[in-house]
Amino acid sequence: MPLTTLDPKTALVVIDLQKGVVALPTAPHPAQPVIQRSVELADAFRRRGLPVVLVNVDSGAPGRTEQAKRAAPPPDWADLIPQLGQQPQDRLVTKRSWGAFLHTDLDAQLKNLGVTQIVLCGIATSIGVESTARQAYELGYNVTLAVDAMTDLHADAHQNSLARIFPRLGETGSTRDVLDLLERA
């Protein structure tokens, strides 16, 4: 569904733009344009006094035994990239599973702020972004996906999310579409 509106209480949720994730090979888009567009969105939300939630992933889901078989990531793997320019008013959510709502206080934080809609961007489209979008939809949020501000580890997974999953969860549009709606609000 194309992008038509933003609620007055909309939050930007940026998924996994952290040192370890942005260093991974991505497709169909390199990480740098995704980072630039995500920064544009974050700056625009901040200028309007709207919440910005920066999400990182640290370790794996509790109790998952296959996690022990993987090598430990570098110490700065979960650190947010400096380009995001994290501000004191930004919310930081550290997740240990694919989606940003499960086993975190993200829902409580957003509800406390009166947020009714989220705009999602980040890496990886079919994992963290899609899982968070599904959870947000199930929790009753209006979901908007800035599709040019996300990429994946696999082009076919990215395309599947854009073509088959996201239209069922909310509205999709470009970073420019979101920025234009913010300017009109």
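Residues numbered from 1 in each chain as written. Predicted model: local features only at pLDDT ≥ 70, side-chain atom pairs only at ≥ 80, totals over all residues. Heavy atoms only, no water.

Draft legend 1. Looking closely at the sheet that holds strand S5 (residues 142–151). Strand order across the open sheet formed by 6 strands is S3-S2-S1-S4-S5-S6, with parallel pairing between neighbours. At either margin of the open sheet sits one strand with a lone partner, and together these are strand S3 (91–95) and strand S6 (171–173). Neighbour-to-neighbour, the strand axes of this sheet turn through a mean angle of 25 degrees, independent of strand direction. Where strand S1 (residues 10–15) lies against strand S4 (residues 117–123), 6 bridges are found, and the strand directions are parallel. Within S4, the residue paired with Ala-11 across the bridge is Ile-118. Across the sheet, helix H5 (residues 155–169) touches S5 and S6, and the angle it forms with S5 is around 165 degrees. (Pairing = 2+ DSSP bridges. Helix = DSSP H or I, 4+ residues; strand = E, 2+ residues; numbered from the N terminus. Axes fitted to C-alpha atoms, helices over the stretch in contact; angles between N-to-C directions. Contact = heavy atoms within 4.5 Å.)

Draft legend 2. Inspection of the nonpolar core at higher detail. Counting 32 residues, the largest nonpolar core has Leu-12, Leu-41, Phe-45, Leu-84, Ile-123, Val-178 and Leu-182 as the members making the most contacts within it. Looking at this core, the elements that each hand over two or more residues are S1, helix H1 (19–22), helix H2 (31–47), strand S2 (52–57), S4, S5 and helix H6 (175–184). Among the elements that make up this core, the one with the highest residue count is H2 (8 residues). Apart from residues no more than four positions distant in its own chain, Leu-41 is found in contact with Leu-12, Cys-121, Ala-146, Ala-149, Thr-175, Val-178 and Leu-179. Residues Ala-11, Leu-106, Ile-118 and Met-150 belong to the second largest nonpolar core, which totals 23 residues. (Core = buried A, V, L, I, M, F, W, Y, C linked by side-chain atoms within 4.5 Å. Buried < 20%, exposed > 50% of the residue type's maximum accessible area, 1.4 Å probe, protein only.)

Draft legend 3. Geometry of the packing of helix H4 (residues 125–138) against H5. Orientation of H4 relative to H5, taken along the N-to-C sense of each, is 5 degrees, at an axis distance of 10 Å. One element, H4, and the other, H5, form an angle in the roughly parallel class. Facing Thr-125, Ser-126, Val-129, Glu-130, Ala-133, Arg-134 and Tyr-137 of H4, the residues of H5 in contact are Ala-157, His-158, Ser-161, Leu-162, Ile-165, Phe-166, Arg-168 and Leu-169. Looking at the contact of H4 with H5 residue by residue, the classes come out as 8 nonpolar, 4 polar and 3 charged. (Parallel < 35°, antiparallel > 145°, perpendicular 65-115°, else oblique. Nonpolar A, V, L, I, M, F, W, Y, C, P; charged D, E, K, R; others polar.)

Draft legend 4. Inspection of the pairing of S2 at higher detail. Among the 6 residues in S2, 6 count as buried, and that is most of the element. Of the two faces of S2, the one carrying Val-52, Leu-54 and Asn-56 and the one carrying Val-53, Val-55 and Val-57 are both buried. Pairing between S1 and S2: 4 bridges, direction parallel. Bridged to Val-14 within S2 is Leu-54.

Draft legend 5. Region of the structure containing the pairing of S4. Buried residues dominate S4, accounting for 7 of its 7 residues. Both faces of S4 are covered, namely the face carrying Gln-117, Val-119, Cys-121 and Ile-123 and the face carrying Ile-118, Leu-120 and Gly-122. Where S4 meets S5, 6 bridges bridge the pair, whose relative direction is parallel. Residue pairing across strands places Val-119 opposite Thr-144, the latter belonging to S5. The handedness of the S4 to S5 crossover, carried by H4, is right-handed. (Right-handed = clockwise from strand over helix to strand, strands pointing away.)

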